[in-house]
Structure formats: structure tokens, C-alpha cells
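Here is what each chain is made of, one letter per residue.
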Protein chains: 2
Amino acid sequence: MLTVSAALAPSPAMVAANAENRLARNAAPALPSRGSIGVAGAPRQVPTSVALAGQVLNFAEGREIYAEGEAVRSFYKVIDGVVRTCTFASDGRRQIDGFHAEGEIFGLEMSDEHRLSAEAVTDCTVVAYRWAGLASFNGGDGETARAVFGLAMQCLERTRDHSLLLGRRSAAQKLAAFLLDLAERGGEDGGIDLAMSRQDIADYVGLTIETVSRTFSQFERDHLIALPSIRHVVLRNRSALVELAD
Amino acid sequence: MLTVSAALAPSPAMVAANAENRLARNAAPALPSRGSIGVAGAPRQVPTSVALAGQVLNFAEGREIYAEGEAVRSFYKVIDGVVRTCTFASDGRRQIDGFHAEGEIFGLEMSDEHRLSAEAVTDCTVVAYRWAGLASFNGGDGETARAVFGLAMQCLERTRDHSLLLGRRSAAQKLAAFLLDLAERGGEDGGIDLAMSRQDIADYVGLTIETVSRTFSQFERDHLIALPSIRHVVLRNRSALVELAD
DNA sequence: CGGAGGATTGAATGAATTCAAAGTCGGTGG
DNA sequence: CCACCGACTTTGAATTCATTCAATCCTCCG
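The name given to chain A in an unreviewed UniProt entry is Transcriptional regulator, and the organism recorded there is Aureimonas glaciei.

Visitor: Help me out: how do you make sense of the pairing of strand S5 (residues 94-100) of chain A in this one?
Guide: On any regular strand, side chains alternate: one points to one face of the sheet, the next to the other face. All names here are of chain A. Among the seven residues in S5, seven count as buried, and that is most of the element. Pairing of strand S4 (residues 83-88) with S5, which is carried by six bridges, proceeds in the antiparallel orientation. When the sheet's bridge partners are listed, Val83 is paired in S5 with His100. Between S4 and S5, which pair antiparallel one after the other, the connecting turn spans five residues, and Gly92 there sits at a positive phi close to 95°.

Visitor: How should the nonpolar core be read in this particular structure?
Guide: Most often, soluble globular proteins have nonpolar side chains that are buried together. Within the largest apolar cluster, 38 residues are counted, with the highest numbers of intra-cluster contacts made by Phe149(A) and Phe149(B). Those elements that provide at least two residues to this core are strand S3 (74-80), strand S8 (124-130) and helix H1 (142-166) of chain A together with strand S3 (74-80), strand S8 (124-130) and helix H1 (142-166) of chain B. When neighbours within four sequence positions are excluded, Phe149(A) is seen to be in contact with Phe137(A), Trp131(B), Leu134(B), Phe137(B), Val148(B), Phe149(B) and Ala152(B). With 35 residues, the next largest nonpolar core counts Leu179(A), Val212(A), Leu227(A) and Val233(A) among its residues.

Visitor: I would appreciate a short explanation of the protein's contact with DNA strand C in the present structure.
Guide: Neighbouring DNA strand C are 18 residues, the closest being Arg198(A), Ser217(A), Ala171(B), Thr211(B) and Arg214(B). Restricting attention to atoms of DNA strand C within 4 Å of the protein, one finds that 63% of them are sugar or phosphate atoms. The side chain of Ser213(A) places a nitrogen or oxygen atom 2.9 Å from a sugar or linking oxygen of DNA strand C. A distance of 3.2 Å is found between a base nitrogen of DNA strand C and a side-chain nitrogen or oxygen belonging to Glu210(B). Looking at the surface near DNA strand C, the elements with two or more residues in it are helix H3 (198-205) and helix H4 (209-221) of chain A together with helix H4 (209-221) of chain B. The element that contributes the greatest number of residues to the surface near DNA strand C is H4(A), accounting for five residues. Partitioned by chemical class, the residues of the surface near DNA strand C number four nonpolar, eight polar and six charged.

Visitor: Can you walk me through the protein's contact with DNA strand D in this structure?
Guide: Taken together, 16 residues sit near DNA strand D, with Ala171(A), Thr211(A), Arg214(A), Arg198(B) and Ser217(B) positioned nearest. The sugar and phosphate moieties of DNA strand D supply 62% of its atoms located within 4 Å of the protein. Ala171(A) places a main-chain nitrogen or oxygen 2.7 Å from a phosphate oxygen of DNA strand D. Elements supplying a minimum of two residues to the surface near DNA strand D: H4 of chain A together with H4 of chain B. With four residues, the top contributor of residues to the surface near DNA strand D is H4(B). Split by residue class, the surface near DNA strand D holds three nonpolar, seven polar and six charged.

Visitor: What's the story with the packing of aromatic side chains in this structure? I'm lost.
Guide: Both the distance between ring centres and the angle between the ring planes are used here to describe each pair of aromatic rings. All names here are of chain B. This model, assessed by the stated rule, comprises 19 aromatic pairs over all chains. Relative to Phe106, the ring of Tyr66 has its centre 6.2 Å away and its plane inclined at 25°; by these criteria the two rings are stacked. Remark: Phe106 occurs in strand S6 (residues 105-106) and Tyr66 occurs in strand S2 (residues 64-66); sequence separation between them is 40 residues. Comparing Tyr66 with Phe106 shows no difference in burial state: the two are buried.

Visitor: I tried to follow unusual backbone geometry on my own but got confused; where do I start?
Guide: Negative phi is the rule for most residues except glycine; trans is the rule for most peptide bonds. Residues and elements named next belong to chain B. A positive phi is found at His223, a non-glycine position, where the angle reads about 60°. Following the sequence through the fold, His223 ends up in the loop between H4 and strand S10 (225-229). The phi dihedral of Asp246 falls on the positive side, at around 140°, and the residue is not glycine. Here Asp246 lies in the segment after helix H5 (238-245).

Visitor: In this structure, what is going on with the relation of the copies chain B and chain A? I would like to understand it.
Guide: A rotation about an axis combined with a shift along that same axis relates the two copies of the chain. After a rotation of 180° and a shift along the axis of 0.0 Å, chain B superposes on chain A with an RMSD of 0.0 Å. Such a combination of rotation and displacement between the chain copies is what one expects of a two-fold axis. Residue Ser163(B) of chain B places its C-alpha closer to the rotation axis than any other residue of that unit, at 2.2 Å. A shared binding surface is used by both copies, with 100% of the interface residues of chain B retained as interface residues in chain A.

Visitor: What should I look at first to understand the confidence of the model for chain A in this one?
Guide: A low pLDDT score tells you not to read the predicted coordinates there in detail. Per-residue confidence for chain A gives a mean pLDDT of 81, with 76% of residues at or over 70. Counted against residues more than four places away or in other chains, residues 1-36 of chain A, with its pLDDT under 50, gives 89 contacts.

Visitor: Just checking my understanding: could you explain the side chain of Glu109(B) for this structure?
Guide: Within the secondary structure layout, Glu109(B) lies in the loop between S6 and strand S7 (117-120). Despite its burial, Glu109(B) pairs with no opposite charge; the closest candidate is Arg160(A), at 4.2 Å N-O. Reaching out from Glu109(B), the side chain makes a polar contact with the side chain of His114(B) at a distance of 3.1 Å. Non-local contacts of Glu109(B), meaning those with residues more than four positions away in its chain, are made with Met153(A), Arg160(A), Tyr66(B), Val72(B), His114(B), Arg115(B), Leu116(B), Trp131(B) and Gly133(B).

Scoring rules and cut-offs
Residues numbered from 1 in each chain as written. Chains lettered and ligands numbered in written order. Predicted model: local features only at pLDDT ≥ 70, side-chain atom pairs only at ≥ 80, totals over all residues. Heavy atoms only, no water. Buried < 20%, exposed > 50% of the residue type's maximum accessible area, 1.4 Å probe, protein only. Helix = DSSP H or I, 4+ residues; strand = E, 2+ residues; numbered from the N terminus. Pairing = 2+ DSSP bridges. Core = buried A, V, L, I, M, F, W, Y, C linked by side-chain atoms within 4.5 Å. Contact = heavy atoms within 4.5 Å. Near = heavy atom within 4 Å. Polar contact = N/O pair within 3.5 Å; in protein donor to acceptor, adjacent residues only side chain to side chain. Nonpolar A, V, L, I, M, F, W, Y, C, P; charged D, E, K, R; others polar. Phe/Tyr/Trp six-rings, centres within 6.5 Å; stacked < 30°, edge-to-face > 60°. Least-squares fit on C-alpha atoms with pLDDT ≥ 70 in both. pLDDT = per-residue confidence, 0-100. Lys, Arg positive; Asp, Glu negative; His and termini not counted. Salt bridge = Lys/Arg side-chain N within 4 Å of Asp/Glu carboxyl O.

Given below as C-alpha cells:
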């Protein structure tokens, strides 16, 4: 149902009720954006321009896209909005593995069931590409394979950065790094639009919501940032933040 | 110098002074092993059996294999011994991204310079495969591409697990998870041979060396483990450890 | 305008770190 | 062969930082 193309090879015939999408540089349509991770800015570069058919799907804020343990049938690219991938510990604590914004992919896994769940942080539009584990990598032509590989490597790099962020760092270091990352991904200086709640941020950087709040307030008192509204951050002293972050 | 084959395609002609190696299931030669991560056991399965030429290299304990910032010319597979990949914060703190044992790869990166450095935890033997970023993915035949892709996905999974480990978890949870991971990778039950120092462990799980030591001692007092020698751990109550880890 | 969920702030607690000292182990040289 | 040295590890006490628990404050929506 979710999938359209045969294993990574375009097959327009199967593109039924839904629009076809191309996995290409700047391919995202200009939908009214309610929530980029950072500010609207330069689209994230994807190192491919390969035609790949997929099915466009919409999810309302908070909706689950797939659950931990569910069979892997697709991987996804974000067209608009923000998605989080996460796991839940036995005591209920949530750990957010990553936020995925326009142009980024998620859900690409080797095993046959998802190790993480995915949820819409904001209302969002994604494209599902048929994918059922490593076997799916077989058929595609060289260029498609290369595209998917590039995307996987991008995930790997982001995940690596994340685990370095979580290592032995203070709350201030983590949050400075988090904000700088958002600013970089968002594109322009000036303001960052937070797509996610404080709780999301806390679960991403491995802190409590109170510590996140306190640290942001401290940053503001120190004139490192301004918080004109609850979901908007302005970097006032980027170099000091960089210094802090490491 | 380090590289032997043309981009991921076997080219025996270039295999000059050094032995050729095949990236295959159970390909590792039976060298006298001084340091697997865990106990000697079932070889880590690699989901490929593709011929791939590479150059065999040896590194003494503590030696640097490549440095952060260095140009990416190869990725590596561990034949024997253990390798760590890590970064250094500006204040000198080290963060270990991963330990890589027999059969595992490291150093596969998309960018043109290494974001991490790699060092020999023990005396070790690795094979270097020519690799210069995403462009290297172009030439190979389908099967080689698939092999490399599978390896990249394996790295991704390990890195994901690591970042979940580092999130909001207590020292006991982190170390229980660490020991269970080693035990699983090592193969058999019974004993775990720690290839790495307490400092290495601390830098991997994001704790101080003192906390690692104290927690191990506490585990021993609680009969979760035994520590017959400094580099040897016996799991005495695996289910309790699993419970602890989450 | 009033309610509810999310965010901020405060005070007390607790876990991990830091600083400091003692113990262990392996290796080297007498 | 034994004693000593040095690096690594363990243990102890005090401190620090983030968490927990609790109360208040926004802000958005109905």
C-alpha cells in the first residue's frame, strides 16, 4: 500500500492514486511550510539526482508514521515538516534518535523490522520508497544504488554527530551544539524556528525538560541567544556558542 | 601506498608486495589473536561474500591508523585485534565512537577527510580497501556495491545503538549494556576479555574512569559479574544485567 | 474569559565528577 | 630471584551539576 515502485527502480505504472515524486536535488515542492527545523533556508543538499518513484503521504502533528518492531516496507524522505525517530525505554523514557527535516531521509534500515519508531513532529509530507532491507539493494541500477548509498551515509554521519553530542558534555554544551546544528541546517542566520517542544529537545540531547528550559534562560541572560517567543530562538553571539559547544 | 585495488573492483595486478585479502564471510586468517573484544567466538557475520582486494597492514598497540582531518583514502576491515575510532574535544577529553573487532569495518566516510581518528587498541591487523568518498561507489559492480552498502548499514546500526546507550541512562545502565554488548559480540558465555583499558571504556560510555571502576566493583558486590583479573569479566547473572540495561 | 497543556522557576535531593590517596600489576634492572 | 618503578586501577571524601518534586506562569484555543 505504501509502496509504489518496484525495488528502487522507477515503475510509473504503479503510481496510482498518489502523485509521483522524484528524489532529486531541490525536488521538494513549495508547500506552505509549517515547521522546518530551523529557519526556511537553503535546501539540504542531497548528493543525488536519481529518479526514484515513491508515494506521497501526509501525517498530522503527533501521528505515528511507523512503530518500533513494525516490518520494514519503505524508507522515507521528508518533503515538508519535521519527523522524529525514537525509541522508548522500559520505564517509559523516550529517546529521540534524530529530527528529520526537508530533504532528509529516515527509516532506512537493514533489518526486516524497524528498530525505531517515527512520528510527525509537525504536520508533514513524506515520500515512501519501497524498501525491504538489504535485499532491496540488489535490483537497482548503479546510479540508484549510489543515491541510496549516499543517503545512508548521510544518516550515518548525522547519527555519529549525535552520539558525539551525547557523550560526556554539560547541559550547556549539548544545547549550544544543538542550537548551532539547527542554525546550520536551517540555513540563514537570524532566527531559528523550533519545530519541536522542549520535551522533544530534552529527549534528543539526553536532559530533562527543566534543564533545557533553565539552560535556555541562562543563555538568554548571558546574551548568547534571544527568545522572542517560545518556539523561536535568535543567536546573539554565535562565536560564544561555538566556543561553548566545544 | 595504502590502497591496492581500483575503486572497489578487484585488480590483482596491483596487489604488489602485500598479501591479497578477500572481504568474505569468515575470511579472517587464524592469526594468534591477542585481543578480541570479547571472548574468541562466532565470527561476526558480514552479509557479503564479495571479492575485494585490499592491502594488509599491521599496527602496534596504541598506534594511530589515521588522524582526524586526514584525507580519506581507504576504509578498513579488522582482521585481528581491536581498533577504536574517536575524536578529541578542545579541552582534551576524548570520545570513543566505537570499538571495532575482527570482521568489522571502520573509516568508511562520505566526506573527503576523516571526521574521526582511528587507533589500535591492541596490536592488530587490518586490511585497507581503496576508498575516496562517495565517488568511489561509482565504479563497482552490483555485488561489490551491495557489499559495501551492507557494511555501511552495519556501521549505522552500531552507531545508532551507541547513541541510544549514551542518552539519559545511569552509569550502571550504560555499563550493563556495554558488557552485554561485548558478551554478545564475543560469542560464548563465560568470560569476556576486555581488549581496552578502563579509560577507553569510560570514554566510550561517557563516564569517568572512577565511575566505571566503582560501578564494576558494585556489580561484583551484587554478584552480577566476577572480575577474576583486571581485563577479564565473567557474567554471573546475565538476566539481572539485561534487566538493568533496560 | 476561562481552562489546559506546555514552559519556566525554585528548593531539595542525588548521582556522577573531581581531587586525593592507596593499592595492584607487570616489567626492568640489580 | 627479588626489589623497585611506573602505569593503571581502585577506593574515599567533598563538590558540582543535573534531576526531582512542586509551584507558578504563559499562551494558545475554545
